[in-house]
Amino acid sequence: MSVPQTTRDFQSNGSSMFKSSVNRRNFLQLATSGSLVLLCKFSDGQEVIAQASAVDPQHFAPDLFVSIAPDGTVTCVAHRSEMGTGIRTGLPRVLADELEADWERVSIAQAPGDKRLGDQNTDGSNSIRFFFDRMREAGATARTLLEQAAAKTWGVPASECYADNHTVKHRGSDRSLGFGELVATAKTLDVPTKDQLKLKPRSQWRYIGKDVPIRDLDNIVAGRAIFGIDARMENQLFAVIARPPVVGGKVSSVDETAARAIPGVVDVVKIPGFEGAPNFQPLGGVAVLATSTWAAWQGRDALQIAWDLGPNATYDTDVFAQQLKETVNQPGKTLREVGQAVDVIAKSGKRVSADYAVPHLSHAPMETTCAVANVSTAADGRVTACHILTATQNPQAVQSAVGPALGMNPDDVLCNVTLLGSGFGRKSKPDYCVEAALLSRHAGRPVHVTWTREDDLQHDYYHAIAAIHCEAAVDRDGKPEAWLQRVAFPTIGSTFDARANTPAAWEAEMGHTDLPFDVPNLRLEVGEARSHIRTGWLRAVCHIQQNFAVSSFVDELAAAASRDPLEFWLELLGEDRQLDMQAAGLGNRGADPKDYPYDIGRLKNVLRRAAESANWSRREKMPNGKGLGIAGARSFLGYTGHVIEVDVAKDGTLTVENVWVALDSGTIVSPDRVRSQLEGASIMALTQAKYGKITFKNGRAQQTNYDSYRMVKMADTPRSIHVDIVDSQAAPAGVGETGIASFAPALCNAIFAATGKRIRSLPIADHDLSWT
Amino acid sequence: MIKIHVNGRDHELNDVPEDTPLLWVLRDHLGLTGTKYGCGMSECGACTVHVDGQAVQACVTSVGEIGTSKVTTIEGLSTDGSHPVQKAWKQHNVPQCGYCQVGQIMMAAAMLNENNDPSDEDIDTAMWNICRCGTYPRIRAAIKSAAQEMRKQ
Ligand code: FES
Ligand code: FES
């Protein structure tokens, strides 16, 4: 195995020496000797991923997530990926808080994929929820042992010793010892069990809920931060790949003469396509390996390939959208039912109904997918080691995809994680890592695969195109007595099981079957839809389409009843109460409803707070062309209310003037990062609502770059995004994705208020908003 | 052989065709990976560098076009992140993932060189970079802070 190289000095700090001969297998042997895993350490001052190395035997390492050196340096393990949420800082802060560590003396080591660390899929807005308690336990374990070590040193009861800012002190005397001084003794003590730990009370938290700059800030601003596209291994080649233009297509023939004539091109290599469902395997195609990215890219473009396009070559989203609309206008499969919604609606004298549509979207992370792999083989061709450096949201998924592709035990694949130039779900799907591994095996040296923007937009795991039908029977006051709702979109399950053709319960639960309204008759259905592309999860997932429909429909009902939308929302939500998840058959993202109830009062609260900040009552006096819209959502166990103020010029030019968003996600670790997530979510949701649309003709995505897949930029950013975070002691819920769900409907509801034009299909750019 | 001047140093490039975009020369041949790729067609600004002080998109500028001009990348903007724009970026905690920020900083620094009191409209026009994380409100605020700082100097 080779050591990754950069042009800069490649130095490790502390005890973690780069072991050029370490592979995954001997690393595990080394690492299990202590209880601490760690392993790869960023070199001091420059974010270069190192090879794995074992914990120094001199260190006190009572937990996988923390070790303390004799000089007192505390090393926290960051096992979730940093893609802009600040998690690489946030989780170590929780640990350091409970440990009573001085943040200035805490270093952070980024973990490779390793099952023992638990879930590493930085996805689903789960990081704080899954690991808040775990980090506190790790910190408390180390702290307890340091206190016991001091007690032993002084010959006093441990109950008289307490940790305080990197020292342990004695109550009743002025004795104190630094953490480093206690390492040797602490190492000899038995690690306490979980129930022996005493966690700090909330009143004594030092770091949780307090802001600190993210650890990578200096490196980012100085251009030193290393992302997947910057990862380098000695002697690496660069690869750019021609993939089948249609999912499931295969190479019929390839003429590589012109490609090989490009200066710098070293090799041309076929990659087999996947069989069955796409999963995380490569799409297949032809790779060009060269001495620079540009040479590989030129070579790729010079390939002459005849494709066998396969059965998806007729996919056309215009046709498909029409089919989805027909599907949701016929009975489907019922996932949740209360009362007799269909009968009540059939007999009702007053019905309101609407059909909504949302197109495919692409993740388009700012940094395209990239990975460098170094695969070693024995003389007989058997793979002996694989090291991957990549921007991944899920290094364990890299292991489990690359392992079988190389005929290796997944645990033996060493996957180190760089910073991610955003991810949004794309980078939890490691097809690009498998490509790099296969090419490295072929080349016998490290290979770095770079996806061009065109590759990214044309070969994504796209967000599903969707149709949603909403129908209600309303009483004389316009209040719904019965509600029927049907959704149809290709399921994410189709990426893993080619037969899957109906939205799964967990997908429907993102804004559809978790309908919170106090309506006596409900019927919530899903309809069939086949996938003709790779369908994937994109930040906020099915909330994108389902909350857009539901929260637009609430506004339609309010308008039909000539009611104030905020009052209507609050009335429809009904009494403050908790939804009975079990009765409703809701999975609650696997969270215990005792810790994470669906709390109607909290949802109403964020709606009220957003409305209050926005000075909602002024809406009645707003002139034509100006409007306020409101929507609320519970997503990823957190609650948001959005109020949006728009100006629509007579010629139809839309300006989003102001955004107010209130968030209740329970206990907050990093308030400023939460605010930044909410600002960013509003802008991403605006991009998607205003411009976002991937279309397919003849099985091919028609958008190729940011010119045809347009993004919101500075000039169309709202003048202000006001974020209001509810101060709460409830269990920490999601944040990263939570800010998306209520944005688009609030925006479209504002456009309705301003112009009387109801947007039932996204993007807004497809509609003429002009008025007279 | 091509000669280019980057961050105060002359570099000689062998076996690099003249039409190679400066971006890939910086990244792959000179190891200056601070400058980022985002689109390759002057749509996102991630690759912005300075050529004789002007903001230029390295993805659509061939290395042969540079001639004797002076190229400055983020690595040469300051050695220690102390440029007023970099300082303002830290003060406002602008970056989320950070990927676009080098391009944003280079774009902002070039704009402020010409106009150290930009209006919102000036910022809207000059700062056409894409940030997928949506840090635009903080970029705007940081540019105003940096401008204030630069006016003092
Ligand atoms: S990479 Fe040059 S402008 Fe996007
Ligand atoms: S900070 Fe992530 S793209 Fe701008």
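Everything numeric here is computed off the predicted structure, so don't read it as measured data. (Residues numbered from 1 in each chain as written. Chains lettered and ligands numbered in written order. Predicted model: local features only at pLDDT ≥ 70, side-chain atom pairs only at ≥ 80, totals over all residues. Heavy atoms only, no water.)

*Asks:* Help me understand the environment of A614 of chain A in this model?
*Replies:* Along the chain, A614 of chain A falls in the loop between α17 (600-613) and β22 (626-635). The contacts of A614 of chain A, once residues within four sequence positions are left out, are L628, V643 and W660 of chain A. (Helix = DSSP H or I, 4+ residues; strand = E, 2+ residues; numbered from the N terminus. Contact = heavy atoms within 4.5 Å.)

*Asks:* Is there a simple way to think about the domain arrangement of chain A in this case?
*Replies:* Size of an interface, as often reported, equals the accessible area lost when the parts are brought together. Residue and element names in this part refer to chain A. Partitioning chain A into domains gives domain 1 (17-221), domain 2 (228-311 + 369-450) and domain 3 (317-362 + 461-766). Each partner contributes residues to the interface: domain 1 has 20 residues there, and domain 3 has 22 residues. Counting each side, the surface lost to burial between domain 1 and domain 3 is near 1,600 Å², with a carbon and sulfur contribution of 51%. When the buried surface of domain 1 facing domain 3 is broken down by residue, S125, R129 and R202 rank first, second and third, together holding 39% of it. If you look at where domain 1 meets domain 3, you find one salt bridge. In this structure, the salt-bridge partner of R675 is D211, at a minimum N-O distance of 3.6 Å. Linking domain 1 to domain 3 there are 11 residue pairs in polar contact (both at pLDDT 80 or more). (Domains from an automatic or database assignment. Buried area = accessible area lost by both parts, 1.4 Å probe. Salt bridge = Lys/Arg side-chain N within 4 Å of Asp/Glu carboxyl O. Polar contact = N/O pair within 3.5 Å; in protein donor to acceptor, adjacent residues only side chain to side chain.)

*Asks:* What should I look at first to understand the packing of helix α4 (residues 84-91) of chain B against helix α5 (residues 101-114) of chain B in this one?
*Replies:* Residues and elements named next belong to chain B. At their nearest, the axes of α4 and α5 sit 9 Å apart, and the two run at 130 degrees to each other. When the axes of α4 and α5 are compared, the pair comes out oblique. Crossing of α4 against α5: the hand is right-handed. On α5, the residues touching V85, Q86 and W89 of α4 are Q101, Q104, I105, A108, A109 and L112. Partitioning the contact of α4 with α5 into residue classes produces six nonpolar, three polar and no charged. (Axes fitted to C-alpha atoms, helices over the stretch in contact; angles between N-to-C directions. Parallel < 35°, antiparallel > 145°, perpendicular 65-115°, else oblique. Left-handed = near helix turned anticlockwise from the far one by under 90°. Nonpolar A, V, L, I, M, F, W, Y, C, P; charged D, E, K, R; others polar.)

*Asks:* Please clarify how the sheet that holds strand β7 (residues 176-178) of chain A should be interpreted in this entry.
*Replies:* Within a beta sheet, neighbouring strands are joined by backbone hydrogen bonds and run either parallel or antiparallel to one another. All names here are of chain A. Read across the sheet, three strands follow the order β5-β6-β7 without closing on themselves; strand pairing throughout is antiparallel. Sheet topology places β5 (161-164) and β7 at the edges, where each strand pairs with a single neighbour. Taking each pair of neighbouring strands and ignoring which way they run, the sheet shows an average axis angle of 25 degrees. Alignment of β5 against strand β6 (residues 167-170), held across four bridges, turns out to be antiparallel. The partner of A163 across the bridge, within β6, is V168. Packed on one face of the sheet, helix α4 (residues 179-186) meets β5, β6 and β7 and runs near 85 degrees to β7. (Pairing = 2+ DSSP bridges.)

*Asks:* It is not clear to me how the confidence of the model for chain A should be interpreted in this structure. Could you clarify?
*Replies:* Predicted coordinates in areas of low pLDDT are best not read in detail. The predicted model of chain A has a mean per-residue pLDDT of 92, with 93% of residues at 70 or higher. In this model, residues 1-53 of chain A is a region of pLDDT below 50 whose contacts with residues beyond four sequence positions or in other chains number 159 contacts. (pLDDT = per-residue confidence, 0-100.)

*Asks:* I keep staring at the pattern of salt bridges and nothing clicks. Help me out?
*Replies:* When the charged atoms of two side chains with opposite charge come close together, those side chains can pair. Residue and element names in this part refer to chain B. Per the stated rule, a full pass over the model turns up 62 salt bridges over all chains. We note a salt bridge from R140 to D120, for which the minimum N-O separation is 3.1 Å. Placement of the pair is R140 in helix α7 (residues 136-152) and D120 in helix α6 (residues 120-126), with a sequence separation of 20 residues. Given a relative accessible area of 16%, R140 falls into the buried group. What makes D120 partly exposed here is its relative accessible area of 30%. (Buried < 20%, exposed > 50% of the residue type's maximum accessible area, 1.4 Å probe, protein only.)

*Asks:* Any chance you could explain the sheet that holds strand β1 (residues 60-63) of chain A here in plain terms?
*Replies:* Residues and elements named next belong to chain A. Taken in spatial order, the four strands line up as β1-β2-β3-β4 in an open sheet, and their pairing is mixed. Among the strands making up the open sheet, the edge pair consists of β1 and β4 (106-110). Strand-to-strand twist across the sheet, computed as the mean angle between neighbouring axes with direction ignored, equals 25 degrees. Of the strand pairs in this sheet, β1 and strand β2 (residues 66-68) are connected by two bridges, and their pairing is antiparallel. Paired with F60 across the strands is I68, a residue of β2. In this fold helix α2 (residues 87-99) packs onto β2, β3 (74-78) and β4, with an angle of close to 135 degrees to the strand it touches most, β4. The sheet strands contacting helix α3 (residues 127-154) are β1 and β2, and the helix crosses β1 at an angle near 135 degrees.

*Asks:* Looking at this structure, how should I read the confidence of the model for chain B?
*Replies:* Averaged over all residues, the pLDDT of chain B equals 97, while 100% of them reach at least 70. Overall fold confidence for the complex sits at a pTM of 0.95, while the interface term, ipTM, reaches 0.99.

*Asks:* Sorry if this is basic, but what is going on with helix α18 (residues 671-690) of chain A here?
*Replies:* Working note: α-helix, 3.6 residues per turn, so residues spaced by three or four point in the same direction. The end-to-end C-alpha distance of α18 of chain A is 28 Å, a good match for the 28 Å that 20 residues give at a rise of 1.5 Å each. For α18 of chain A, the tally of buried residues reaches 19 of 20 residues, placing the bulk of the element in the interior. (Expected span 1.5 Å × (residues − 1).)

*Asks:* Teacher, can you tell me more about the interface of chain A and chain B here?
*Replies:* Counting residues at the interface gives 58 residues for chain A, matched by 49 residues for chain B. The largest contributions to the chain A side of the interface with chain B come from V221, M366 and M714 of chain A, which together make up 19% of the buried area. Here chain A is connected to chain B by six salt bridges. R27 of chain B is the partner of D230 of chain A in a salt bridge, and the nearest nitrogen-oxygen pair spans 2.9 Å. At the boundary of chain A with chain B, the tally comes to 21 residue pairs in polar contact (both at pLDDT 80 or more). Going through the elements one at a time, α5 (217-221), α7 (293-302), α12 (453-458) and α18 of chain A are the ones with two or more residues in the side of chain A that touches chain B. Counting residues per element, the side of chain A that touches chain B draws most heavily on α18 of chain A, at 10 residues.

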